[in-house]
Amino acid sequence: MMKFRFRRQGNDPQRERIKQDLFAFNKTVQHGFPNQPSALAYDPKLRLMAIGTKSGAVKVYGAPGVEFTSHHKETATVTQMHFLLGQGRLLSLLDDNTLHLWEINVGEGSPGLEEVGSFCLPGRPGFESTSATRVTVILLKRSCDLLCLGTEGGGVHFLEMPTLTLLDTQALVHDHIMQSVPEEYKCGKSLGPVESLREHPRCPNKMLIGYSRGLVVLWNYSSRKVENLFLGNQQLESLGWERSGKTFVSSHSDGSYMTWPVSSALSTQQPSTSVIPYGPFPCKAINKIVWRTTESGAPLVVFSGGMPRASYGDRHCVTVLQEKMQVTLDFTSRVIDFFTIHCTDSAAEFDNPSALVVLLEEELVAIDLQTVGWPTIPCPYLAPLHSSAITCSYHISNVPPKLWERVVAAGLHQSPPPTHVRWPINGGKDLALEPKHNGLLLTGHEDGTVRFWDASGVSLKPLYKLSTANIFQTDCDHNDGLMQGAEEEWPPFRKVGCFDPYSDDPRLGIQKIGLCKYSGKLVVAGTAGQVLVMDLSEEMSAHVINIATIDLLQDREGFTWKGHDRLAPKTGPISFPPGFHPFLLVQCMPPAAVTAVTLHAEWNLVAFGTSHGFGLFDYHRRSPVLARCTLHPNDSLAMEGPLSRVKSLKKSLRQSFRRIRKSRVSGKKRVVVSSPTSKVQEANAQLAEQAGPHDVEVTPVQRRIEPRSADDSLSGVVRCLCFADTFLRDGTHHGPTMWAGTNSGSVYAYALEVPSQEKFSEHSVEAVLGKEIQLMHRAPVVAIAVLDGRGNPLPEPYEVSRDLAKAPDMQGSHSVLIASEEQFKVFTLPKVSAKTKFKLTAHEGCRVRKVALASFTSVSSEEYCENGLVCLTNLGDIHVFSVPALRPQVRYDCIRKEDISGIASCVFTKTGQGFYLISPSEFERFSLSARVVTQPLCSVDVDRPHASAGLRASVPVSLQSNGTHRVQHTGDVQSLGDAEEEIQAGLSSPALDSPNSSADITLDTTGDITVEDVKDFLTSVDEAERNLKNISEEDGHSPGILIK
């Protein structure tokens, strides 16, 4: 009798409603410092700051939590920006010579920044080149009704604001100015482009026009006449008025600045003073200068550049002068622009500047000008995440208050906050509610530091910085002493800012981080095989660190380490401030980079893995428990180390291209062969494409996956480690276990004999190999997690003993979820028999890069939540699967597949959010949960005298800097009672039987860009073509594991 298997196709409406309440994808906010900033603006009325970037991004910041972000349609550099004071409008100029008007949307709905108008200055008739009308400088009148554009051709054009209407009859051409210039100054030369436009502080109809050649003109807009001429002989860079309008200052290309008196009569003026601050030797140009008056009498002069060309021409400096006091602020990156925060009331007599804000290429620095010594003001946002290059990330959700308070206290002791000054850019109101739970984001850096960030809200705030460099012997102390000695001379340099891209030793780089949020134990692992175990202390301490060495090769012959040496630890006691104190250093030999680490504070165990094997250490007894070598006899690449990449990369790429050619040949051969089975499959495929009954579901076509060679390089790399209390030996006795997964698809499970808390000091921990699993296709194992009898992830250490989570089900049979790069499988324990699986590569043609278990809470009812398996692939899309049934739930496009570094840097949270780097200095935050969303919610009070209805563009622009922003459209909001009834009705499926518990496990969410990542990216096109041609047959063999 023939059996027909009918599956119900189409979506279950009830389940779809539940999924809408659980899942929604949104890119919410960007943390960190904008990549490649190029322009700066400030609104003193609204106290808002705007930053433009080379990629066309526009970001507006006010008080912490007040943020607006958008992007130009064109990917062009923002060269200048200006606020329409008090109106919540912003004008931007791009390097393609287009002007764009932006408006902060303060109406109903979510606030945002949208483009409402644009303008491009037309070319002059009779000129083939448009360079004459290229805008070089912008002046927006204080009344905000007129915009002045200086051009390369020397002309000045005027636009009516905010409609951006060109006033053709009012244009000031170059020849008009030349008529007033003395003949001896003309010399047959052009005046050059307009370099600066400055409105008179007392007479709005007058403005200074500065030309590149050095000529400065005081122009009366009403009478259209030249009132004063100022004949400069040096190339002009910038102009700045003194508040009374009786004097202005000019800066020049030779490193000088001049002060000019302004008389009421028509005359030709000469400078009253001319100063080269860092002369007499040739100096670089002073790019910008401002002159601010103070009640003390002495003006405050601030300028950028002007350094001696030969001695300090490579320095990036801003100088602050007042009488005899002079400070040269020395930065580590290029100065983009700066502004002062001062009194702008026209009735006031003095400027009285209170702060100086400097935008640099890699950070933002604020200087307090009211305090003696001009100290820096800590920035509550725009932190330079990349002050040293980020090498790994780690997120902790629902941080206990005790741990949070101790970390914050350690950070305050490290850098006490200023009590006398507040952050000056504080416009707008943050309307977001206080977060219910605190979140920590830990970033490991190339210089051996670990930085703790408050990731609870919109602003990513620095809390604490942990340094590991002082534990090892380096040459940095020597060099610092030499530099300080040299910098005591003139000019009076002062190092400002925290961006430091140079690492004293690349071996210090942090590769993996693990933190137990209940005990305060921290494990940090680095590039040279160093594993540091630390404890959180509230007191200062000076102690000797215990050092242990573990040989992961286990005396295996035929392997010689060709990489870097281990880091030499310091001898004797080392002093540590309050915070995390290392008490144990475990050195892996060979000193290869640590690729996986995990910590179980309740058992006092730490496990770590490298490209050679993995080890287990009892940090309470300071004794090793286990060392296992995972090297294959052909793993020669594993012996070269990450710091000798030239030959390794060539070899790996060569092998990749060989595989491509081999797979192409094998693919062609398979196409030629014609068998009855293939003909049947072809006929079935044609039938499947035809319209059929809606209640019949056709099994999706699977791509053929070719088994990987066992002798691939780096096959012994340990990719993941985890601890679990489960059934491994038999189905009646459970106990501690440790699991390890490798790059060759091997999984090792060890049964651990852990003594009770009272006998930790008497008995040592023992480890016995319980299971060894080999995945058939030898795909790298990305993550391992053990599920209890109800299919829920096991709770974290201390959660059950401290009544912080529901005890796991130890009555039903446990299972282990093994996620490889190609598929997910659930095996029953202790027999390790395949239960369910999902072949992601076969169905979707992609490979797994990041995996995590997350808890999704319903929007309709806080009492209902589900555990989901979140997966990021090498194509940049995110999949969510049910656990343990592994049924696909949703799929979203998140990261561009070309963004390899962004995919490698992604880290998931336990509440369905995530972070990934869109640039070396910025994290993009996204949410997969419909309930847990962290996004700006703010308001700004604006005063717009002109109606803006006609200004709005037909399609508002709101683009992200990276990836695809998809807005999830949900149905009508239902009542809570109806939603609960539907949810309860949908609980009949075992996959939905999920208790209200957030105890889930985030799996290996950190990692570096490896040769495998580059190989997948290079071969993705060919693999896609090959996978589309190859139709896989049903597996006629045993499940994809081999039990040894």
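Residues numbered from 1 in each chain as written. Predicted model: local features only at pLDDT ≥ 70, side-chain atom pairs only at ≥ 80, totals over all residues. Heavy atoms only, no water.

As recorded in an unreviewed UniProt entry, the protein chain goes by LLGL scribble cell polarity complex component 1 and comes from Scleropages formosus. Here the protein chain is described in UniProt, under the heading Sequence similarities (unreviewed entry), as follows: "Belongs to the WD repeat L(2)GL family." (UniProt positions renumbered as here; feature names shortened; annotations may be inferred.)

### So, the overall build of the protein chain
When helices and strands are counted, the protein chain shows 12 helices and 64 strands. Evaluated residue by residue, the protein chain yields a buried proportion of 55% over its 1044 residues. Of all intrachain contacts in the protein chain linking residues separated by at least 6 positions in sequence, the fraction that spans at least 24 positions is 62%. Element-wise, carbon and sulfur atoms account for 51% of the exposed surface of the protein chain, whose accessible area totals about 45,900 Å². (Helix = DSSP H or I, 4+ residues; strand = E, 2+ residues; numbered from the N terminus. Buried < 20%, exposed > 50% of the residue type's maximum accessible area, 1.4 Å probe, protein only. Contact = heavy atoms within 4.5 Å. Areas by Shrake-Rupley, 256 points an atom, 1.4 Å probe, with all protein chains shown as cover.)

### Considerations on the state of the cysteines
If you walk through the whole model with that rule in mind, you get zero disulfides. Cysteine 498 takes part in no disulfide bond, and the closest cysteine sulfur to it belongs to cysteine 379, at a distance of 8.6 Å. (Disulfide = S-S within 2.5 Å.)

### Examining the sheet that holds strand β46 (residues 613-618)
The strand order β44-β45-β46-β47 describes an open sheet built from four strands, whose pairing is antiparallel. The open sheet terminates on both sides in strands that have one partner only, identified here as β44 (596-600) and β47 (623-629). On average, each strand axis in the sheet is inclined to that of its neighbour by 10°, with strand direction left out of account. As paired strands, β46 and β47 are joined by six bridges and run antiparallel to one another. (Pairing = 2+ DSSP bridges. Axes fitted to C-alpha atoms, helices over the stretch in contact; angles between N-to-C directions.)

### With respect to helix α1 (residues 13-22)
Among the residues of α1, those classed as buried are Arg15, Ile18, Lys19, Asp21 and Leu22. The buried residues of α1 occupy an angular sector of 160° when projected down its axis, which confines them to one face. (Arc of directions from axis to C-beta.)

### What about the packing of aromatic side chains?
Here the structure, examined in full by the defined rule, presents 27 aromatic pairs. Centre to centre, the rings of phenylalanine 915 and phenylalanine 923 are 6.2 Å apart; their planes meet at 80°, and the pair counts as edge-to-face. Among the aromatic residues, ring-to-ring pairing joins Phe25, Tyr892, Phe908, Tyr916 and Phe926 into one connected group. Lying across the ring of phenylalanine 338, lysine 288 places its NZ or CZ 4.9 Å from the centre. Its guanidinium or amino end placed over the ring of tyrosine 798, arginine 802 lies 4.4 Å from that ring's centre, counting from NZ or CZ. (Phe/Tyr/Trp six-rings, centres within 6.5 Å; stacked < 30°, edge-to-face > 60°. Lys NZ or Arg CZ within 6 Å of the ring centre and 35° of its normal.)

### A closer look at the sheet that holds strand β11 (residues 146-151)
Within the open sheet, the four strands sit side by side as β10-β11-β12-β13. Their pairing is antiparallel. Each edge of the open sheet is held by one strand with a lone partner, namely β10 (135-140) and β13 (165-166). Pairing of β10 with β11 involves five bridges; the strand directions are antiparallel. Counterpart to valine 135 in the pairing with β11 is threonine 151.

### Points about the pairing of strand β2 (residues 37-43)
In terms of burial, β2 is largely enclosed, as seven of its seven residues are buried. Pairing geometry for β2 and strand β3 (residues 48-53), over six bridges, is antiparallel. Among the inter-strand pairings, leucine 40 is bridged to a residue of β3, identified as isoleucine 51. Hairpin connection, β2 to β3: the antiparallel pair is bridged by four residues, and arginine 47 has positive phi, about 55°.

### Points about the pattern of salt bridges
With the rule as written, the count across this model stands at 24 salt bridges. Note that aspartate 505 and arginine 507 form a salt bridge whose closest N and O atoms lie 2.7 Å from each other. Its relative accessible area of 11% is what places aspartate 505 among the buried residues. Arginine 896 is the partner of glutamate 898 in a salt bridge, and the nearest nitrogen-oxygen pair spans 3.9 Å. Salt bridges sharing common partners tie together Arg89, Glu103 and Arg944. (Salt bridge = Lys/Arg side-chain N within 4 Å of Asp/Glu carboxyl O.)

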